[in-house]
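Below are the chains, spelled out letter by letter.
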Amino acid sequence: MLELLQDWLQRPNFIVFVILFLWGFYIMMVHPNLVKKLIGLYILQTSVIFFLVAFSAKQGATVPVIETDSLPVDALRYANPLPHVLTVTAIVVQVATLGVSLALVSAAYRSFGSLDENELLEEVERAA
Amino acid sequence: MTNQLPILLFLTPFVAGVAMPLLTAKRPGWCRPVTLGTVALLLFLALLNLVHVLTYGPMEYALGGWAAPLGIAWLNDSLAAMLILTVAFVAQVTLLYGYQVTSPGLERSMAYYALVLMLLTGLIGIVFAADLFNLFVFLEVAALAAYALAGAAGGKSAVFAFRYLLLGSLGAALYLLGVGHLYVATGTLNMADLAIRIPGLLSSTAVASGLIYIFLGLSIKMALLPLHGWLPDAYRNAPNAVTPLLAATITKISLAAWVRIEHSLILPGIEVGAVPVLVLLEELGVIAALAGGALALVQTDIKRMFAYAGIGHVGLILVGVSLGNATGFAGGMAYLINDAVMQVALFMIAGALLHLHGVRTLDELRAMQTPSPWLTGSLLVVAIGMVGLPPTGGFFGKWNIVLGALEAEHYLAAFSVLASTLLTLGFFIKVFACWFHAAAADAPAPPEMTAPLSTALGLTAIAIVGLGVFSDPIFHLLVGFASGGGG
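Residues numbered from 1 in each chain as written. Chains lettered and ligands numbered in written order. Predicted model: local features only at pLDDT ≥ 70, side-chain atom pairs only at ≥ 80, totals over all residues. Heavy atoms only, no water.

A. The overall build of chain A, seen in detail. Broken down by element type, chain A carries five helices and zero strands. Along chain A, from the amino end to the carboxyl end, the secondary structure elements read α-α-α-α-α. For 128 residues, the compact-globule estimate of 2.2 N^0.38 gives 14 Å, and the C-alpha radius of gyration of chain A, at 22 Å, exceeds that figure by more than 25%. Each of the three principal axes of chain A carries a C-alpha extent, and together these read 75 × 45 × 15 Å. Of the contacts made within chain A by residues no fewer than 6 positions apart, 49% connect residues no fewer than 24 positions apart. (Helix = DSSP H or I, 4+ residues; strand = E, 2+ residues; numbered from the N terminus. Rg over C-alpha atoms; globule rule 2.2 N^0.38 Å. Contact = heavy atoms within 4.5 Å.)

B. Just the side chain of His228 of chain B, in detail. All names here are of chain B. Within the secondary structure layout, His228 lies in the loop between helix 8 (205-222) and helix 9 (231-237). With relative accessibility at 13%, the residue His228 sits in the buried group. Contacts of His228, omitting those with residues within four sequence positions, involve Ala223, Tyr308 and Ile311. (Buried < 20%, exposed > 50% of the residue type's maximum accessible area, 1.4 Å probe, protein only.)

C. Local environment of the nonpolar core. Residues and elements named next belong to chain B. By size, the foremost hydrophobic cluster in this structure holds 211 residues, and its most contacted members are Leu119, Leu132, Tyr175, Trp258, Ile261 and Leu365. It is helix 13 (residues 326-357) that contributes the most residues to this core, 20 residues altogether. In this structure Leu365 touches Ile302, Leu353, Val359, Val431, Cys434 and Trp435, once residues within four positions along its chain are discounted. (Core = buried A, V, L, I, M, F, W, Y, C linked by side-chain atoms within 4.5 Å.)

D. Local environment of the pattern of salt bridges. Residues and elements named next belong to chain B. All chains considered together, the criterion is met by seven salt bridges over all chains. A salt bridge links Glu140 to Lys221; the shortest N-O distance between them is 2.9 Å. Pair noted here: Glu140 is in helix 5 (residues 132-150) and Lys221 is in helix 8, with a separation of 81 residues, a long-range link. Both residues of the pair, Glu140 and Lys221, belong to the buried class. Across the pair Lys252 and Asp339 runs a salt bridge, and its minimum N-O distance is 3.4 Å. (Salt bridge = Lys/Arg side-chain N within 4 Å of Asp/Glu carboxyl O.)

E. Layout of helix 4 (residues 81-112) of chain A. Residues and elements named next belong to chain A. Its 32 residues give helix 4 an end-to-end C-alpha distance of 47 Å, which sits within 8% of 46 Å, the value for a rise of 1.5 Å per residue. Capping of helix 4 at its N-terminal end is provided by Asn80; its side-chain oxygen lies 3.1 Å from the backbone amide nitrogen of Leu82. Positive backbone phi, approximately 65°, marks Gly113, located one or two places after helix 4. (Expected span 1.5 Å × (residues − 1). Polar contact = N/O pair within 3.5 Å; in protein donor to acceptor, adjacent residues only side chain to side chain.)

F. Fine view of the packing of aromatic side chains. All names here are of chain B. For the structure shown, the criterion picks out 25 aromatic pairs over all chains. Centroid distance Trp74 to Phe128: 5.5 Å. Interplanar angle 15°. Geometry classified as stacked. Here Trp74, found in strand 2 (residues 73-76), pairs with Phe128, found in helix 4 (residues 110-128); they are 54 residues apart in sequence, far enough to count as distant. The pair Trp74 / Phe128 is uniform in exposure class, with both members buried. (Phe/Tyr/Trp six-rings, centres within 6.5 Å; stacked < 30°, edge-to-face > 60°.)

G. Quick peek at a nonpolar patch on the surface. Residue and element names in this part refer to chain A. Taken together, the side chains of Leu2, Leu4, Leu5, Trp8, Leu9, Ile15, Ile19 and Trp23 make up a nonpolar region of the molecular surface, amounting to roughly 880 Å² of accessible area. Those elements that provide at least two residues to the nonpolar patch are helix 1 (2-9) and helix 2 (12-30). With five residues, helix 1 is the single largest residue contributor to the nonpolar patch. Structurally, the position occupied by Leu5 is in helix 1. (Patch = residues over 30% accessible without salt bridge, like charges linked within 9 Å, V, L, I, M, F, W, Y side chains within 5 Å. Areas by Shrake-Rupley, 256 points an atom, 1.4 Å probe, with all protein chains shown as cover.)

H. Looking closely at the interface of chain A and chain B. Taken together, the 37 residues of chain A in the interface contact 31 residues of chain B. When chain A packs against chain B, close to 2800 Å² is buried across both sides, 87% of that on carbon and sulfur atoms. Among the residues of chain A in contact with chain B, Leu86, Val93 and Leu104 of chain A are the three that bury the most area, contributing 18% of the side total. Linking chain A with chain B are one salt bridge. (Buried area = accessible area lost by both parts, 1.4 Å probe.)

I. Geometry of the packing of helix 12 (residues 302-321) of chain B against helix 13 of chain B. Residue and element names in this part refer to chain B. In the contact formed by helix 12 and helix 13, the axes pass within 9 Å of each other and the chain directions differ by 175°. With respect to helix 13, the element helix 12 is oriented roughly antiparallel. Split into classes, the residues belonging to the contact of helix 12 with helix 13 amount to 16 nonpolar, six polar and two charged. (Axes fitted to C-alpha atoms, helices over the stretch in contact; angles between N-to-C directions. Parallel < 35°, antiparallel > 145°, perpendicular 65-115°, else oblique. Nonpolar A, V, L, I, M, F, W, Y, C, P; charged D, E, K, R; others polar.)

J. Just the packing of helix 2 (residues 31-56) of chain B against helix 4 of chain B, in detail. All names here are of chain B. Contact pair helix 2 / helix 4: the axes reach a minimum separation of 9 Å and the direction vectors enclose 15°. By the criterion of interaxial angle, the relationship of helix 2 to helix 4 is roughly parallel. In this structure, helix 2 crosses over helix 4, and the sense of that crossing is left-handed. Contacts from Cys31, Arg32, Thr35, Thr38, Val39, Leu42 and Asn49 in helix 2 reach Met110, Tyr113, Leu117, Leu120, Ile124 and Phe128 in helix 4. (Left-handed = near helix turned anticlockwise from the far one by under 90°.)

K. Geometry of the UniProt feature "transmembrane region" (unreviewed entry) in chain A. Following the UniProt record, one finds the feature "transmembrane region" (unreviewed entry) at residues 12-29, 41-61 and 81-105 of chain A. Regarding residues 81-105 of chain A, the helix share stands at 100% and the strand share at 0%, and the terminal C-alpha atoms are separated by 36 Å. (UniProt positions renumbered as here; feature names shortened; annotations may be inferred.)

L. Spotlight on the pairing of strand 1 (residues 59-62) of chain B. Residues and elements named next belong to chain B. Only one face of strand 1 is covered, namely the face carrying Met59 and Tyr61; the face carrying Glu60 and Ala62 is uncovered. Note: strand 1 against strand 2, four bridges, orientation antiparallel. Note that in strand 2 the partner of Glu60 across the bridge is Leu75. (Pairing = 2+ DSSP bridges.)

M. Layout of unusual backbone geometry. All names here are of chain B. Between Leu225 and Pro226 the backbone carries a cis peptide bond, its omega angle lying at 5°. Inspection of the secondary structure assignment puts Pro226 in the loop between helix 8 and helix 9. Its identity as a non-glycine residue notwithstanding, Ala223 has a phi of 55°, on the positive side. Here Ala223 shows up in the loop between helix 8 and helix 9. The buried category is assigned to Ala223, whose relative accessible area is 1%.

Written as structure tokens, this is what we have:
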């Protein structure tokens, strides 16, 4: 048990990722307010991005721009650019999702005058 | 020139979609002809691409001339070519149909046409992508367009489109998490490279959990039971002109993306922690096929009923592709193509009923005059296809899934196909009983159908039968693909 705990504490980044992911998931599923659901979704997506950044961190490495002409290049001195590229792309996707979701939330608010999911569903039932 | 077909296929809807606001800002009447023309061009290019692939074999397309390990690879093989032809056909039919059956204002709305084109862009990207992260990006491009389309009518549709967005984005986040796991374990995102490295790494928990996250994420997108919660309400409330396109493409193409991953990474007989993975997937498909069919049977709302039928068929296709033999795989993929066409037809009929007659539920259907012969005829053809009677394509798909199941000696899978067929027959009997019910004499006569609507219905009926008539070459192609030829 203690060993398992020690194992886990070796990787604080991943513990933070798990906490953020579950926290976001909980908010998303439990809060009736649509904007709070969105905040939950945002935390959840951010936790995944944090995971990508966490595993690509490299100590003592620099930006992957090779300055010398001499080969072979010492790969250990450079950070792997790919996870960072993935991260940037994932952030762009996240922002686009946020834009579309805010548009949908405001459309729902304009029609029914509420942001509370339970009230919205009642309104929808009444309208049907 | 023909070597550039994949990128041309991708750029055609993309350029038109981006240019749409510029082209039509002052001339809103241009939206529809421009979109129809673009999709017609897409259909032509897709045909050309299929011919090209059949003649010269599968082709790897390196974007920007950067080869696979460094650059992003697209795979243009027979499966991709057929799926893109299906998507283009489905889009063309939906656009034809949308002329009459649109919500007020939508037929002139630039955003609707731009979004349809962006959806097509995303779908074509998903089909071609041979790189897990590239696949993620296109999944999100298609999904964002789908959320916006599903909520296009405002009001109720926006509420349910928002729920779709929440679950869909959760699926995307899970998928990305899985991609991260696989990258950590293997150091590559290219599917061909992964296929080489994964079999030796299956004891790693990172690979196993990565595959599980990817499957969970795509399961939400393909509405595999029990992760289907977003689908029925989103489809029921989406505008009539949107539902057929969403129903035929989003779930089916997400499933096709999973099939591509499953086919290249999970070889038959692979076990993770003593669990045979393919058998597990097959059992999940069995549950979805049976539960989806049963849920369809108890619905009273027509669109929801058809939505649950679609959910059941996703399970059926998953059963077929997870049997671990070429017959079942080919049957499943052939059924996927058929199902895309049949779902378009089903939701076009449901939308036409709602638009022309104001009918949403079975009770309202019972109370109205027998609808136009075009609707009746097309519903009959779809019913024959969904139940799976020859000569429609549905029969040959199901038949080969059953043959594959018997070949693999998975009798439960064979049983589930037959049981789901009976459930499908059951709910169509319910629909027909209301359809042909003699209406009260004072019920209003049905309004006239316009030419584009009846053309769209006729085209899908022809396609459903045509897929059956040409099922033999399609099946041979898919068997060739499954047994490793790729072409």
